[in-house]
Amino acid sequence: MENIILNAAGISKTYHAGSVDVEALKKSDVLFKKGEFTAIVGKSGSGKSTLLRIIGTMDRPDEGTVEIEGMNVFEMKDKQLSKFRREKIGFIYQDYSLFPEFTAYENIVVPFALDNKNAPEEEIDGILESLGISHCKGKYPSQMSGGEQQRVAIARAIATHPAVIFADEPTGNLDAESAKIVADMLSMASKKYNQTIIMVTHDMQMADHADRVLTIVDGNVKEGKLY
Amino acid sequence: MNKKLSKLFYRGMWHRKKEVAGVCIATMLASFFITCILLFQENMYQWQVAENFMRFGSWFVMQSSGEPYNTLKNSIYLDEPVEAGVYGTIYNRNWDKARGCIGYMTPEFMEQANIELDKGRLPENEKEIACDWTTLAKLGYNGQLGQEIVIKYYQNDNKSREDPERQAVYTLCGVFGDYSDVWEYGKYIPCGVITKEACEQLDSKESKVWLYSLKNTVRNKDYNSIYNELQGNITSKIFYNTSVYDFEAWGPKDIYNYIYILVMIIGVASLTYQVIGYQHGRNRFYKRIQLIGASKKQVHMMRLVENVTILVAAGVLGSFIAMFGARALCWYLEWYKGISFFKITAAIILKCILTILIAIVMSELVNVSMIRKSSGVWTENSKKKSKSKVSYNYKGKLKKNNLTWQMQVRISRSSGLGQRLGVRIFSLGVTAVIIFCFLNISNAVKDYKSIENMYDMTGFQQSDRSLEYTLPMTTKYSLENYIDNSNMDTMKYLLQKQVPLITRDEYITKEQESNEKAKNGRHTYVKSNEEVVRQLDITAHDIYCKPGNTSLLKGIDKSFLDKVEQLNGVESITYSCFESMRNWTWDSMDYEKMGARRFSKSSSNSKDKMTGYADKYLYTTYYLDADKILYDRLKQYAGSGFDYDSFADGEKIIVFVDKNPYEQYDDSIKEGSKINFHYYNVLLPGADRKMSSSSYFNIFDRGKDDVEYNFFYDAAIEKHLEDKIYAYQLVASERGRTYQSLLRTEYGASSEYLGLEYDMKYGTCVSPEAAGVVYVTDEIKNELKDIIPDFGYYTAVASKKLAETECEKQNELLEKIYGEELPEELKCELKDNTFTIKYNIAASYSATDNIVQIYCKSNDVIFTTNSELKSEYRTNVLNAFLEYGITMLAVIIINLLIITVLTKNRIENRTDKIVLLKRLGAGRSRIVRIFMIEVLRESLWCVFTLPLQMIIQFIVYRSQIKKI
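Going along each chain's sequence as written, the residues are numbered from 1 onward. Chains and ligands are labelled by the order in which they are written, letters from A for the one and numbers from 1 for the other. Only residues with pLDDT of 70 or above have their local features reported here, since the model is predicted, and side-chain atom pairs are shown and tallied only from 80 upward, although totals for entire chains, interfaces and linings are computed over all residues. In computing side-chain properties, one takes all heavy atoms of the structure into account and sets aside hydrogens as well as water.

Side note on the UniProt feature "transmembrane region" (unreviewed entry) in chain B
All names here are of chain B. Selection rule: UniProt positions are given in the numbering used here, feature names are shortened, and annotations may be inferred rather than shown by experiment. Starting at the N terminus, helices and strands are each numbered in turn, a helix being any DSSP run of H or I of at least four residues and a strand any DSSP run of E of at least two.
If you check UniProt for "transmembrane region" (unreviewed entry), the listed places come out as residues 20-40, 258-278, 304-324, 344-366, 421-441, 881-903 and 939-957 in our numbering. As annotated, residues 304-324 comprises 100% helix and 0% strand, and the C-alpha atoms at either end are separated by 29 Å. Split by type, residues 881-903 is 100% helix and 0% strand. Its first and last C-alpha atoms lie 31 Å apart.

Now the structure itself:
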């Protein structure tokens, strides 16, 4: 149990659409170990993004708890949670989520600045190097390709050494070649920086890059690739 | 739209009732405000008119005698007359007029005159009477119901007959609100009201009073012309209710129209904006309807019906609420004020409908353009056009301590130059408009402040007679020649002969040489204790100056001013002393420089009053409370020797010299000159002069026949010392016989009296020093309007202490004349005879000046008014507040509305960035801080709305970011 970095227990979430209730998650339990690269797969509407949003502290469950490094995130106040996110969590999204007004390097530096810390420029250079985007350092997102933008997003996520990196369909907008590069990069980051990566994808090939695969079926989380 | 579709359509609207309600509330508010403005405009006017009707009655003309004139009775303008009967003037226990008549009033008369009981009831039998408060006070009653009221009157209202005095006793059964001293013609209507049967028992004949009201059908607002037309056909005088019909109610039509248009534009814009916003939200629905086969026409119709439903329902409801609210508010005001004025005119309703129609047309125009734009059928899957790529190039470097700044700068720049520039230019425009409006308001206020100290009205209690100014003068030559021309008026003679008029000093010296001739008694003279002087009067009359008519000894009736003080729009009333009856001389006085030739009656054959001169006193003195403020103001006009103590003690005064009738300043009066303020000229006991002489006060005049009042008599009457007065008259008569002959012939004259006549006529009562002599210019008149409302040829400003000393000295002289100490009751006593009224801003719309003037006229008070000028400035202030204030308010509201809408749009456009910041761990306050910097930078372009903008946008950002 010492290696457990994220423990989500009894997570339930129901969405209300008019008079219809949709159960996205049904009392689901899930554990993630440190340094593990986990892929969560499932059909559209199965609840995988809901799970990611909840364990990524962006949404609250109707029931259940989420502990990251032993801390119950939903007991935290807004300010504490923001600090916790800055320090312990990294995000990678399908739409890259970069500030178009900032260069690649500045996008990576934003989380440090938010925490009022100096950015480790050399280390960031190293990360850019290892992700193969050193040439993009001074470029704005609009001057980069989709794959490059996503790798900048990965660099930003891993630069702060968060406990967990959440990736929501990180290759959804990329062509196959770029997708493969991004998947490799995530895998490499997991191993090189010993970071926990939790990735939601509906792409089974992407899931193959992960150490562990979870499948969500009708709101229940199950081990293994079940479809 | 067919029936089934309509049903579905309205069900759909009902289903979205929350959304629809939101738009309706906004629409309702806009319509509410427009209706409120219209109601305010109309009812403000109605209120002022109703107040006048209440106070002065709603009659148009009054006929005060005989049967109704056919011209009036058959006039197309007038209703049937209503009647009251009068049976004579009421007198008090001392047989002084109580201003008003005894008689009866029909209920119709009372209704038209708006005469209402304050308490009690109308008389029901021959022994009962109802009076108004003023009449009761003048008769000396306190108005307690059941009180016995003695009404004195003359038989057939004619006091000249033998034994004409009559009296009747009644029981007070009711008290009316004041009208006898409020109405300008109040004295013509009964103020002691008894039954008609009781009237018939009076030993007097009936005279009718008829009131005529204007027909409702009269649309002509030129009331004065109607009155003149009516009066033109009648030989007798009819009275016109000028207080009501010549009154122009406050109500700046241009500004009202401007406000209406402004509010309507904002209202219509807001209505249209709401509907457009709502319709934007409905685009998806209409596209879907189109997808399933609805034609463009059908969609158009649906949009129109939806707009009309919302605009009409909410607009009508908004107007209705405004009308209902205004009605409720006016009910309260009507109850509180005891008047009825609320009106919802057809014009108001039409304008409300017009506003809604314009909003419908506007929204329809937008509708059409929206439908035109949406050419082709929308599909759910259609993607937004991708934005053209923006290239960034930011110079600043992101560091840990400048994230917030850099973030806001870059996010702000990403909004595009157009928007950033637009917001700034707009804010700058708003600033310019606010400054423009502020300056206009401030200028109007500044202008008003510059005349604020000026009194709106100054009233003087005039004495019961006016005195011509009489000064001693003669010449050596005139004296010699006069002996041969004894039948000729002295002054006329001097002027005909072109004899130079010389100074008083010279006169005294030269006259001394002629003493022997003077003793011959061929001419009138008076003798002082030291010398005999020729008495030649220079008489100022009303061609080149008006006779003095105010003394320190007759005070103002403060009881009517107590009522004035209660009027809406009256801020304060202050009292002071003023006189225009006292003669002055000074040592170096030069009658030529004074322009004395022109003052003589003989100097002009013209009986016409000279414009600019005839309304000017020769001498006026203002006796004021000598406070430091006044002293500081006067100091600038005085020489170095002018100190506060000598001013306060009455030792020093400031003299203002205006141009004489030859348009020259008299330079014979100089700084340091001793100004000899003469005694009031009182008639010696037993003198055989007629009381009608315009040169004297007569102390013991009984006052009934030739002269109705004099100050001594008044004082005595007030103290119920009638008997004492008779006793003095007796003594006076005994002494006078001897005195008169002694004085005229100078044989056996008692030295006791010889000097006294001189003292009374030309003797110096007090002689303060002129610490400053100022030549009056228009500029000075303007500067000192509040202190000296009415400049004479010579005007002194002194402390009240001087007036007190003058009264003491006058008493000393009177005691010398009568040889024994005067009882306290008969001593001259300084009384406030001047009042000054200041109005406040409410006077502009409360007809205050109109009412106060009527009060003054009704109470025989002479007044000068600055109100027209002040009213103009006051109205300018009000108008500026309305015009520019509302413009400013509108601009601020628009500014805030637009900024709020812009903020919401920005948040919408920046949602992804906000989300990203949140994901990266930025707290809400950090994100808000980032955007608030942008807000601050933009708000600085309009510092006036900065605090409001900051607050509103902070609230919007905080609440919206929380939702994301």
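Regarding the interface of chain A and chain B
Formally: Throughout, a contact is declared for two residues whenever any of their heavy atoms are within 4.5 Å. Simply put, the buried area is the total loss of 1.4 Å probe accessible area from both parts when two parts are fitted together. Every case where a carboxyl oxygen of Asp or Glu lies within 4 Å of a side-chain nitrogen of Lys or Arg is listed as a salt bridge. Counted as a polar contact is a pair of N or O atoms within 3.5 Å, where, for protein atoms, one must be capable of donating a hydrogen and the other of accepting one, and residues adjacent in sequence contribute only when both atoms are in side chains. Residues are sorted three ways: Asp, Glu, Lys and Arg are charged, Ala, Val, Leu, Ile, Met, Phe, Trp, Tyr, Cys and Pro are nonpolar, and all the rest, Gly among them, are polar.
Counting residues at the interface gives 24 residues for chain A, matched by 27 residues for chain B. Together chain A and chain B conceal approximately 2500 Å² of surface at their shared face, both sides included; 62% is due to carbon and sulfur atoms. Considering only the surface of chain A that becomes buried against chain B, Phe99, Glu101 and Leu114 of chain A emerge as the three largest contributors, covering 26% of it. Our enumeration of links across chain A and chain B arrives at two salt bridges. Of the charged contacts, one joins Lys913 of chain B and Glu101 of chain A as a salt bridge, the two residues approaching to 3.1 Å between their closest N and O atoms. Where chain A packs against chain B, one counts seven residue pairs in polar contact (both at pLDDT 80 or more). The dominant element in the side of chain A that touches chain B, judged by the number of residues it contributes, is helix 3 (residues 104-114) of chain A, at six residues. Tallied by class, residues from the side of chain A that touches chain B come to 13 nonpolar, five polar and six charged.

Let's talk about the side chain of Ser412 of chain B
Considering the arrangement of structural elements, one finds Ser412 of chain B in helix 13 (residues 403-414). Those residues in contact with Ser412 of chain B, other than ones at most four positions away along the chain, are Arg420, Arg910 and Glu934 of chain B.

A few points about the packing of helix 4 (residues 121-131) of chain A against helix 5 (residues 146-159) of chain A
Residue and element names in this part refer to chain A. Convention followed: Here an axis means a line fitted to C-alpha atoms, over the contact stretch when the element is a helix, while the angle between two N-to-C directions is reported on a 0 to 180 degree scale. Each angle receives one of four descriptions, namely roughly parallel if under 35 degrees, roughly antiparallel if over 145, roughly perpendicular if within 65 to 115, and oblique otherwise. Note on convention: near helix rotated counterclockwise from far helix by under a right angle means a left-handed crossing. Clockwise means right-handed.
Interhelical geometry of helix 4 versus helix 5 gives an angle of 140 degrees and a closest axis separation of 10 Å. On the basis of the axis angle, helix 4 is oblique to helix 5. Handedness of the helix 4/helix 5 crossing: right-handed. Contacts from Glu123, Ile124, Ile127, Leu128 and Leu131 in helix 4 reach Arg151, Ile154, Ala155, Ile158 and Ala159 in helix 5. A per-class count over the contact of helix 4 with helix 5 returns eight nonpolar, no polar and two charged.

Description of the pattern of salt bridges
Two side chains of opposite charge can pair, provided their charged atoms sit close to one another. This is how it is decided: The buried label goes to any residue with under 20% of its type's maximum accessible area, the exposed label to any with over 50%, and the partly exposed label to all in between, with areas taken from a 1.4 Å probe on protein chains only.
A complete count under the given rule lists 32 salt bridges over all chains for this structure. With its nearest N and O atoms 4.0 Å apart, the salt bridge here joins Asp59 of chain A to Arg53 of chain A. A relative accessible area of 17% places Asp59 of chain A in the buried class. Here Arg121 of chain B ties to Glu124 of chain B by a salt bridge, and the two come within 3.7 Å at their closest N and O atoms. Glu124 of chain B sits in the exposed class, given a relative accessible area of 60%. By sharing partners, the salt bridges in this structure join Arg424, Arg906, Arg910, Glu934 and Glu938 of chain B into a single network.

Here we look at helix 6 (residues 176-192) of chain A
All names here are of chain A. What counts here: Between the first and last residue of a helix there are one fewer steps than residues, each counted as 1.5 Å, and that sum is the expected span.
Taking 1.5 Å per residue, 17 residues should reach 24 Å; helix 6 reaches 24 Å between its end C-alpha atoms and fits that length. Taken residue by residue, helix 6 has Ser178, Ala179, Val182, Ala183, Met185, Leu186, Ser187, Ala189 and Ser190 as its buried positions. One side-chain oxygen at the N-terminal end of helix 6 lies 3.2 Å from the backbone nitrogen of Glu177; it belongs to Asp175. Looking at the residues trailing helix 6, positive phi occurs at Asn194, about 50 degrees.

Focus: a nonpolar patch on the surface
All names here are of chain B. Counted only if it meets this: Candidate patch residues must exceed 30% relative accessible area and have no salt bridge, after which like charges are joined if within 9 Å and Val, Leu, Ile, Met, Phe, Trp or Tyr side chains if within 5 Å. To measure how exposed things are, a 1.4 Å probe is used in the Shrake-Rupley method; for residues, cover is taken only from the protein chains shown.
Taken together, Leu428, Ile435, Phe438, Leu439, Leu936, Leu940, Trp941, Val943 and Phe944 make up a surface patch of nonpolar side chains, about 830 Å² in accessible area. Broken down by element, the residue count for the nonpolar patch peaks at four residues, all from helix 14 (residues 417-452). Within the element layout of this structure, Leu936 appears in helix 32 (residues 924-939). Of the residues examined, Leu936 reaches a relative accessible area of 35% and is grouped as partly exposed.

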